[in-house]
Amino acid sequence: MAVTDIASRTYNHGWRLDPIVRSLLDTDFYKLLMLQMIREFYPEQRVTFSVINRSRQVRLAEVIDEGELRAQLDHARTIRFSKKELIWLAGNTFYGKTQMFSPDFINWLAAFRLPEYELDKVDGQYELHFHGPWTHTTMWEIPALAILNELRSRQVMKGQGRFALDVLYARAKAKLWSKVERLRKLEGLRLSDFGTRRRHGFLWQRWCVEAVKEGLGPSFTGTSNVLLAMDNDLEAIGTNAHELPMVAAALANDDTELPAFAPTARHRSRRARKSSSGGGRRAAIPRKSFWFFPTAWMSDRSRKPTVTSPAASGSVSAGAPT
């Protein structure tokens, strides 16, 4: 596989070659696993996912150009699962299990597209909201976070010369490789990549995954990024997130209504009922901030799904960091 000249691509990110999201498989594996279950048991459940930067000192709307943000979000909505990707999902073995995804689900994915988005500016910040069926809004989580992170990274890199960028990435690569050399001395090491939503950029994550695969060999057990797992013949890593029990807790009227996958949500459903008002219930779950580090190439984030229950006149909000 050819090694990408990341510095040159960074120097001219205007190339159509480099959209931030280039495949619907460019997501965490657990999103697809959860999506299959959500579609099976909650096909009509409507929710709202929101991405809000709670680090108020980082004024994203003053850093990221709104036109560029909308262009990347709009591009993500044009992407569909390719035939090659669907064949791989249907025929690959995950966690030792064949046909983990049902033929019916694979056929449904063939027509899948990300739903519309709502973008607001609030006090120097962007707020993103995704309304619609849970089966569709859930898939915006990873692309939205990746887009925000990479657009901020690109803004930081703007104005740097070709050679400055070349040296910057050379130093980053050397730093990573020095860690690989230390790590491979450890007996029994098992290491996986879970960096998609916090990445500096797609090209950098791909380089890191390919480098670590070569440097660590079998000790590198895989990546949560489904596209990179497919392209590099790696195991796709991931199971499920807080999202499932959190939404279940928000929807439940009492503990007996909680499904089997949500035993840890029992105390949360009580908290939701205590804070209920009228037809709506609000799950008082703490949320992380959407952190940005000026020099680090990763971030943390906040996601708040708002669940509209068919049986209630109000809405339910269950903030669920994953």
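Preceding block: the structure.
About the criteria used
Residues numbered from 1 in each chain as written. Predicted model: local features only at pLDDT ≥ 70, side-chain atom pairs only at ≥ 80, totals over all residues. Heavy atoms only, no water. Patch = residues over 30% accessible without salt bridge, like charges linked within 9 Å, V, L, I, M, F, W, Y side chains within 5 Å. Areas by Shrake-Rupley, 256 points an atom, 1.4 Å probe, with all protein chains shown as cover. Salt bridge = Lys/Arg side-chain N within 4 Å of Asp/Glu carboxyl O. Lys, Arg positive; Asp, Glu negative; His and termini not counted. Charge placed at Lys NZ, Arg CZ, Asp CG, Glu CD. Helix = DSSP H or I, 4+ residues; strand = E, 2+ residues; numbered from the N terminus. Buried < 20%, exposed > 50% of the residue type's maximum accessible area, 1.4 Å probe, protein only. Contact = heavy atoms within 4.5 Å. Core = buried A, V, L, I, M, F, W, Y, C linked by side-chain atoms within 4.5 Å.

Trainee: Can you help me understand a positive patch on the surface in this one?
Mentor: On the surface, a cluster of positive charge is contributed by Lys175, Lys179, Arg182, Arg184 and Lys185. Checked against the element boundaries, Arg184 lands in the loop between helix 9 (162-183) and strand 6 (191-193). Exposure remark for Arg184: the relative accessible area of 44% places this residue in the partly exposed category.

Trainee: Can you walk me through unusual backbone geometry in this structure?
Mentor: What is expected of a backbone is that most residues other than glycine have negative phi and most peptide bonds are trans. A positive phi angle, near 50 degrees, is found at Asp123, a position not held by glycine. Note on placement: Asp123 falls in the loop between strand 4 (118-122) and strand 5 (125-133). One non-glycine residue with positive phi stands out, namely Asp233, at about 55 degrees. Along the chain, the position of Asp233 falls in the loop between helix 11 (226-231) and helix 12 (243-251). Relative accessible area serves as the criterion here: at 71%, Asp233 is assigned to the exposed category.

Trainee: Just to check I follow, could you spell out the side chain of Thr137 for this structure?
Mentor: Relative to the elements of secondary structure, Thr137 occurs in helix 7 (residues 134-137). Looking at Thr137, the relative accessible area reads 0%, which means it is buried. In contact with Thr137, other than residues within four places in its own chain, are Val47, Phe49, Pro115, Phe130, His131 and Gly132.

Trainee: It is not clear to me how the nonpolar core should be interpreted in this structure. Could you clarify?
Mentor: Inside soluble globular proteins, nonpolar side chains tend to come together where they are buried. Counting 82 residues, the largest nonpolar core has Leu25, Leu69, Phe81, Leu89, Phe101 and Leu128 as its most contacted members. With nine residues, the single largest contributor to this core is helix 10 (residues 202-216). Residues contacting Leu25, with those up to four places away along its chain left out, are Leu32, Phe81, Glu85, Trp88, Leu89, Asn225, Val226, Leu227 and Met230.

Trainee: What's the story with the pattern of salt bridges in this structure? I'm lost.
Mentor: If charged atoms from side chains of opposite charge come close, those side chains can pair. Taken as a whole and judged by the stated rule, the model has 14 salt bridges. Note that Glu62 and Arg59 form a salt bridge whose closest N and O atoms lie 2.7 Å from each other. A relative accessible area of 56% places Glu62 in the exposed class. Across the pair Lys158 and Glu68 runs a salt bridge, and its minimum N-O distance is 3.0 Å. One end of the pair, Lys158, is in the loop between helix 8 (141-157) and helix 9; the other, Glu68, is in helix 4 (residues 66-78), with 90 residues separating them in the sequence. Through salt bridges that share partners, Asp28, Lys31, Glu141, Arg197 and Glu243 make up one connected network.

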